[in-house]
Amino acid sequence: MRRSRLLHVPFWVTIVFLYAPIAVVVAMSFNSGKSAYTYEGFSLKWYGVLAHDQRVLDGLLNTLIVAAGSTVIATVLGTLLAVGLARHTRSRALDAIALMPAVLPDLVLAIGLLLFYGLIQLTLGLYSVVLAHGVFAMAFVAAVVRTRLANTDTSLEEASRDLGAGPVTTFLKVTLPQLAPGILAGAMLAFTLSLDEFVIAFFTIGNLQQTLPIVIYSMIRFGVTPEINALGAILLLVSFTAVIAGQRMTKIGEARAQD
Amino acid sequence: MSPARTRPATALRVRRRLGAFVFLSPGLAYLVVLLLVPLALVLSYVFFQRGRFGGVVYEYTTENFSRLMDPLYLRVLGESLQIAALTTVIALALGYPTAYLIARLPRTWKTVALVAIVLPFWTNFIIRMYAWIILLNGPGLINSALKSLGLGPFELLYNKGAIVVGLVYSYLPLMVLPLYAAIEKLDPQLREASANLGASGFTTFRKVTLPLTVPGVLTGCLFVFVPSFGNFVIPEMLGGGKSVMVGNLIRTEFLQARDWPFGSALALALVAVLVVLLLAQAWVARRA
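Conventions used here
- Residues numbered from 1 in each chain as written.
- Chains lettered and ligands numbered in written order.
- Predicted model: local features only at pLDDT ≥ 70, side-chain atom pairs only at ≥ 80, totals over all residues.
- Heavy atoms only, no water.
- Helix = DSSP H or I, 4+ residues; strand = E, 2+ residues; numbered from the N terminus.
- Buried < 20%, exposed > 50% of the residue type's maximum accessible area, 1.4 Å probe, protein only.
- Contact = heavy atoms within 4.5 Å.
- Areas by Shrake-Rupley, 256 points an atom, 1.4 Å probe, with all protein chains shown as cover.
- Buried area = accessible area lost by both parts, 1.4 Å probe.
- Salt bridge = Lys/Arg side-chain N within 4 Å of Asp/Glu carboxyl O.
- Polar contact = N/O pair within 3.5 Å; in protein donor to acceptor, adjacent residues only side chain to side chain.
- Nonpolar A, V, L, I, M, F, W, Y, C, P; charged D, E, K, R; others polar.
- UniProt positions renumbered as here; feature names shortened; annotations may be inferred.

(A) Region of interest: the overall build of chain A. Looking only at helices and strands, one finds 11 helices and zero strands in chain A. Each helix and strand of chain A, ordered N terminal to C terminal, gives the series α-α-α-α-α-α-α-α-α-α-α. Its C-alpha atoms put chain A at 75 × 65 × 35 Å along the principal axes. Counting every position in chain A, which comprises 259 residues, the buried fraction comes to 47%. Across chain A, the fraction of contacts at a sequence separation of at least 24, relative to all contacts at a separation of at least 6, is 70%. In the form shown here, chain A has an accessible surface area of approximately 12,800 Å², with 67% of it arising from carbon and sulfur atoms.

(B) Inspection of the interface of chain A and chain B at higher detail. Each partner contributes to the interface: chain A provides 80 residues, whereas chain B provides 78 residues. With both sides pooled, the region where chain A packs onto chain B buries about 7,300 Å², and carbon together with sulfur makes up 82% of that total. For the pair chain A and chain B, the number of links is zero salt bridges. The interface formed by chain A and chain B contains nine residue pairs in polar contact (both at pLDDT 80 or more). Counting residues per element, the side of chain A that touches chain B draws most heavily on helix α1 (residues 2-28) of chain A, which supplies 16 residues. A class-by-class count of the residues in the side of chain A that touches chain B yields 60 nonpolar, 15 polar and five charged.

(C) Focus on the pattern of salt bridges. Residue and element names in this part refer to chain B. Applying the stated criterion to the full structure yields six salt bridges over all chains. The closest approach of N and O atoms between D259 and R50, which form a salt bridge, is 4.0 Å. In this pair, D259 sits in the loop between α13 (246-255) and α14 (260-287) while R50 sits in strand β1 (residues 49-50), placing the two residues 209 residues apart along the sequence. Owing to a relative accessible area of 41%, R50 belongs among the partly exposed residues under this scheme. Among the salt bridges present, the one from E236 reaches R251, with a minimum N-O distance of 2.7 Å. Here E236, found in helix α12 (residues 233-238), pairs with R251, found in helix α13; they are 15 residues apart in sequence, far enough to count as distant. For R251, a relative accessible area of 8% puts it in the buried group. Taken together, the shared-partner salt bridges connect R50, R67 and D259 into one network.

(D) Expanded view of the UniProt feature "domain: ABC transmembrane type-1" (unreviewed entry) in chain A. Listed under "domain: ABC transmembrane type-1" (unreviewed entry) in the UniProt record, and renumbered for this structure, are residues 60-246 of chain A. Taken end to end, residues 60-246 of chain A has its terminal C-alpha atoms 22 Å apart, with 83% of it in helix and 0% in strand.

Here it is as structure tokens:
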């Protein structure tokens, strides 16, 4: 009994370590004063300031555009790639290439793309970030869909072919619906990763536009104000809700799969 | 007989090839253009001279490699290794007992605890680092708390310690998850057998649990070390640019000094270190 109590200590240290900074960000967002360090009283005014900050709103819109665009690319190409790798080839080299963007340091991919865009003289902007985010997001979609593929039975596809359905019909009516939960999970992962991505966007966006993480980064360099806390609190709320909703969805999905 | 099987074998083979092509080519084409070509560029720019305003002059040189051997840059590489190693050790020390406890919780609590560990990981990275600036800064909360105790103020921000704290904070979940997976998988009967044979709790841990979870330990360490070693955002935000890591150098060479070939050489050094580690990990994992 005493020994297992002792084990609780590092666990709670970890939890406090993980959540204390988050709690501070949220608490200071309700500060009526100008400082992010000294609490003067309760106020929602920084949320008002935030709602009228055009730079933040533009950044948010840009981030959503980038995340949506790269998620579409990553989901379509990543799903096809996963099916192709699982069913149409045994090449381990292709496997490695498909997984590479997920393990490569983001900084290396970022400078590689910067060199490439420089070479083909592409003017940097949102679309260069969309293309860049598509690269690593695709690797994650492909990995998630492949796990799903590994757990699905090929006999349904064979039955469909034996009953005279062509490969296209079989793919659309049998394979795809079976993979749907995996594709959805992969797409959500791609979207979330893109929303938060900083390094690659920082290198490939050029000087004219900013995504939200870049906006926050430059706000912090300019000085810390409770406005950043308010923005942080909102982002925390959004991502916490998304993760918990995602968790519930996978649970429901698993329960259905077991029926 | 099914219609597909009555077709001649060659038609079937063509069809299969076509299937492979349809599924594989779009994704692979994308990866060739936007992953392999850019990486090949990084690799080849190392051998060229810098252009005056960024870009390159296509004249062969090995100067970028010899510059890497400059003690100044070797020291930065060494310091990056040191910071990443320290981060990994702390994350392991904190992560192993945490994962161990979670693995032994009842099923519902397991999920809750795992979500609690992973949740901060899904929130905005820059905001999480901002939180540490508020906590550690001169007029920040930790110093205010210490002041009320009659201590400080201490210089907590903009040093190596702050970088390590930020890195551990960012990548701790990546340590806990593989450890949890490895510990979870262990057969509890092994521990029982060890206890029945008279081994103390610590001996059981040292001789049974730990050796069997080595692959999980290695994966966790790699997951923490890799993003720590190549990081430039955390050293910049929490290190105040005083302690420079190899990521900061790369960033400066590309975006400020505009020396793309030398920046590429640094990136190559970064990748080389990581490849060596990956190979070492695979080698140890195979023997374990």
